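Structural overview
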Amino acid sequence: EDSTVRDKAFAVIFNLVSADTAEMLILHPRLLDSLVEAASVPANFGGNTAESASTMCFRSLNALDQAVASRGTEECRLKLRRAIDQVNMAR
């Protein structure tokens, strides 16, 4: 796995987050799990590459949370809240 490609992919996901796309991103198979997995790496673990991916994924999750707060379905809000809680416990 090339960490540069991974970091760029996570940055693209962050850039795709909007009120119009949030629900689609949250419900996409495995995408939310991938964000949680990468964001769950402690900020001081693994050097700059792991920190960068972890931070970008955590930012993406929070941006999704803001995007679905007013327009998202209850299912999406609950799924996302569980994901964010899982990351917070891991960090």
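One structure accompanies this document, and this report is about it. (Residues numbered from 1 in each chain as written. Predicted model: local features only at pLDDT ≥ 70, side-chain atom pairs only at ≥ 80, totals over all residues. Heavy atoms only, no water.)

Some points on unusual backbone geometry
- Phi at Arg 30 takes a positive value of approximately 75°, unusual for a residue other than glycine.
- Here Arg 30 is to be found in the loop between α2 (22–27) and α3 (31–39). (Helix = DSSP H or I, 4+ residues; strand = E, 2+ residues; numbered from the N terminus.)

Here's the deal with the side chain of Ser 40
- Among the secondary structure elements, Ser 40 is positioned in the loop between α3 and α4 (47–71).
- Here the side chain of Ser 40 touches Val 36 through a polar contact of 2.6 Å, landing on its backbone oxygen.
- Residues in contact with Ser 40, not counting those within four places in the same chain, are Gln 86, Val 87, Ala 90 and Arg 91. (Polar contact = N/O pair within 3.5 Å; in protein donor to acceptor, adjacent residues only side chain to side chain. Contact = heavy atoms within 4.5 Å.)

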